[in-house]
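These are the residues of each chain, in order.
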Amino acid sequence: MSGTEYTASDLFVERFPDQARIVRIAFTNAFVALGVGALFGVLQALHRTEILRIVESPTYYTILTGHGVFLVISFTIFFLVGLYQWAVTDSLGRRPVDMRVTWTWLGLMSVGTLIAAIAILAGFLDDPPDVLGSELSADVLFTFYAPLQAHPLFYVGLVLFVVGTWLAGFDWFRSWWAWKSDNPGERIPLPTFMVLTTMIMWYISSIGVATAILAFILPWSLGITESLNPTLTRTLFWYFGHPVVYFWLLPAYLLWYIVLPHLSGGRLFSDPLARVVFILFILLSTPVGIHHQYLDPGISEGFKFIVMTNTMFLLLPSLLTAFTVVASMEHGARQRGGEGTFGWLTALPWRDPAFTGMALAGLVFAFGGFTGIVNAGMNINYLVHNALWVPGHIHTQVGTAVALTFMAGTYWLLPQLTGNRLVGRSVALFQVVLWFVGIIFMTNSMYRGGLIGMPRRTAEPQYAFDYEIGVGSVTELDVQLALGGTLLFISTLLFLAIVLLTLFNNDSEPIVDGTIPPALSGPEDSPRILDDLRVWVAIALVLVIFAYAFPLANIVSRGGLFGPDISPFPVVTDLASHPVTVDAVLTLQHGVATATALIT
Ligand code: HEM
Ligand SMILES: [Cu+2]
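Residues numbered from 1 in each chain as written. Chains lettered and ligands numbered in written order. Predicted model: local features only at pLDDT ≥ 70, side-chain atom pairs only at ≥ 80, totals over all residues. Heavy atoms only, no water.

- The name that an unreviewed UniProt entry assigns to the protein chain is Cytochrome C oxidase subunit I, with the source organism given as Natrarchaeobaculum aegyptiacum.
- Quoted verbatim from the Sequence similarities (unreviewed entry) field of the UniProt record, the comment on the protein chain reads "Belongs to the heme-copper respiratory oxidase family."
- Taken from UniProt, the Subcellular location (unreviewed entry) comment for the protein chain reads in full: "Membrane". (UniProt positions renumbered as here; feature names shortened; annotations may be inferred.)

Given below as structure tokens:
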């Protein structure tokens, strides 16, 4: 792999001190968000289960908004920009063209986060201050679409943050262009290839949320426009809301493809396959967002059905990844003397927290994948929609596959970014295993609770419901949820403590091998067209137009660009004047009764 012609003792921080500083700052922001998010997480777990309630139930929404936004926007994306800055610099072996650009995007993202965080945290005040003519508040959850409305500053913060990420992508493209003119005809080094393809996907998808905010939600929250079309903003949100999950996931993929094989003692199985996977994400991740709207009125079933089919194709890159990464691990284990059909598993470096964390994260990812298939199916989605099952799925995916991989990756990267030895390797090993155990308890409870109809996003899930449970009891589920959440919180604290102590451990010598061995099957084995990014952008845009032109045209023709005014509560349907609706309801009731009769 070009750009990596240095020996293991040449630490990243020694070769690129300024870039190491950028990565450290980005990681610090990420970890502060992780800490606050985890605290809010455990508060939710204990509140919902009525084990410990330190806030009033209405404040639950402030906590839930903070939990979602700090974790899935600040933690993941700050980690991403840090990791990608490292990956580009390391694999191209060069500094950014202009460091002022680098500092600018880091600054924009940090200021944006701060502004949005202030708007959210104001929710804890009894009497939030008036700013710019309206009360500071942002209890809108991380899916911040209408009819929920936040203070304008919340959206301004988000916009600054996203513009920061766009500029970061530009910075990395610029590094690559500069490298390309020095190395004409060479293949893009794999880590940089992953960064560039991720950013292309991000540009294509984040334009949706930018449009939703700038054209509709922000003017509406500022009082410039009277109303908006909620279906339109929801659809624009989910246009970005599905690909954003791959924005969280692809840095984890980068670590699985680049670092995990090396930690296993071997080499990546196939560089071309990794390239194909990242290109598949450019093509497939955006045209599927409507699968979050199966239950939304105003989008016809036909479009939903097409989207369901597209979604199933997304299994392909994940299955390819599972195959390649496991094959690379097996190769590594056999290099270390592992034998037999399964015996090689014991030859893996299970005492290395970086390895074990990533391997366990990958294992949990498989469960996330299976439950994702359930969510994606139009019919079974109706069963789990808005039930606790969904956070169960979320915590196996971004909450573990991503978060645990990031923590494990940090254990490998931190010594190279600081020049300090990792403090407490065995505590780190315990920490990643504790996360794994915690997530099993918490998501087991969430999945099962969801199946018996426990709602998500509520402080009072027990309110007026009697859950019919086949196995175990509701109390047992509650205990598991609270126990799992507490273990996760302790695990987070341990992680943060290890990171902090390592930062201050500066009279030590790091023991870490930062070189990345070339893949068994290198880029020369793949067609050059894979590196022609313009081709993939063009195809991706065509697919997006196919998937969205008709539904969007439909939504706008019915609800108008700025919509009918929305008055969310209470929604009154005058049944008498809608005989068709009455018919539909009666038919539905009849259908349900028949189905129940058939089952029982
Ligand atoms: C200390 C660890 C954590 C605990 C105890 C925890 C707990 C919870 C609980 C109990 C809920 C359900 C709230 C409800 O629907 O009423 C929830 C929701 C959620 N969690 Fe976590 N969580 C943790 C870590 C994470 C991480 C690391 C991520 C992502 C990186 C994450 C992302 C989310 C998201 C996106 C939701 C849904 C928010 C919404 O519905 O708006 N959580 N969490
Ligand atoms: Cu999705």
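**Comments concerning the coordination of the iron atom of ligand 1**
And step 1. Summarising the metal site, the iron atom of ligand 1 is bound by the protein donors His-67 (NE2) and His-395 (NE2), whose distances to it range over 2.0 Å.
And step 2. Relative to the metal, the six donor atoms surrounding the iron atom of ligand 1 lie at angles of 87 to 180°, and the coordination shape comes out octahedral. Of the two residues, His-67 is situated in helix α3 (residues 60-92) and His-395 in helix α15 (residues 389-418); the sequence distance between them amounts to 328 residues. (Donors = N, O, S within 2.8 Å, 3.2 Å for Na, K, Ca; no water. Tetrahedral: all angles 85-135°; square planar, octahedral: opposite > 155°, others 65-115°. Helix = DSSP H or I, 4+ residues; strand = E, 2+ residues; numbered from the N terminus.)

**Considerations on the coordination of the copper ion (ligand 2)**
And step 1. Surrounding the copper ion (ligand 2) are the protein donor atoms His-242 (ND1), His-291 (NE2) and His-292 (NE2), which sit 1.8 to 2.1 Å from the metal.
And step 2. In terms of primary sequence, the donors binding the copper ion (ligand 2) are separated according to H-x48-H-H. Taken together, the residues His-242 in the loop between α7 (230-241) and α8 (243-258) and His-292 in the loop between α10 (271-284) and α11 (301-313) connect sequence positions 50 residues apart.
And step 3. Given a relative accessible area of 8%, His-242 falls into the buried group.
And step 4. On the basis of relative accessibility, which here comes to 25%, the residue His-292 falls in the partly exposed class. (Buried < 20%, exposed > 50% of the residue type's maximum accessible area, 1.4 Å probe, protein only.)

**Here we look at a negative patch on the surface**
And step 1. Together, Asp-126, Asp-127, Asp-130 and Glu-135 make up a negatively charged patch on the protein surface.
And step 2. With respect to the helices, strands and loops of the structure, Glu-135 is situated in strand β2 (residues 134-135). (Patch = residues over 30% accessible without salt bridge, like charges linked within 9 Å, V, L, I, M, F, W, Y side chains within 5 Å. Areas by Shrake-Rupley, 256 points an atom, 1.4 Å probe, with all protein chains shown as cover. Salt bridge = Lys/Arg side-chain N within 4 Å of Asp/Glu carboxyl O. Lys, Arg positive; Asp, Glu negative; His and termini not counted. Charge placed at Lys NZ, Arg CZ, Asp CG, Glu CD.)

**What to know about the nonpolar core**
And step 1. Trp-86, Phe-154, Tyr-253 and Tyr-257 are the most contacted members of the largest nonpolar core, which totals 174 residues.
And step 2. If one sorts the elements of this core by residue count, α3 sits on top with 18 residues.
And step 3. Other than its neighbours up to four places away in sequence, Trp-86 contacts Phe-12, Val-23, Leu-254, Trp-412, Leu-413 and Ile-516.
And step 4. In this structure, Val-42, Leu-46, Ala-482 and Phe-489 belong to the second largest nonpolar core, which totals five residues. (Core = buried A, V, L, I, M, F, W, Y, C linked by side-chain atoms within 4.5 Å. Contact = heavy atoms within 4.5 Å.)

**Regarding α3**
And step 1. Taking 1.5 Å per residue as the helical rise, α3 with its 33 residues ought to reach 48 Å, and the 46 Å between its terminal C-alpha atoms agrees with that figure.
And step 2. The largest bend in α3 comes to about 35°, at Phe-70.
And step 3. The buried fraction of α3 amounts to 32 of the 33 residues, a majority that puts the element mostly inside the structure.
And step 4. Following α3 by one or two positions, Gly-93 adopts a phi angle in the positive range, close to 65°. (Expected span 1.5 Å × (residues − 1). Bend = angle between axes of the 7 residues up to and from the residue.)

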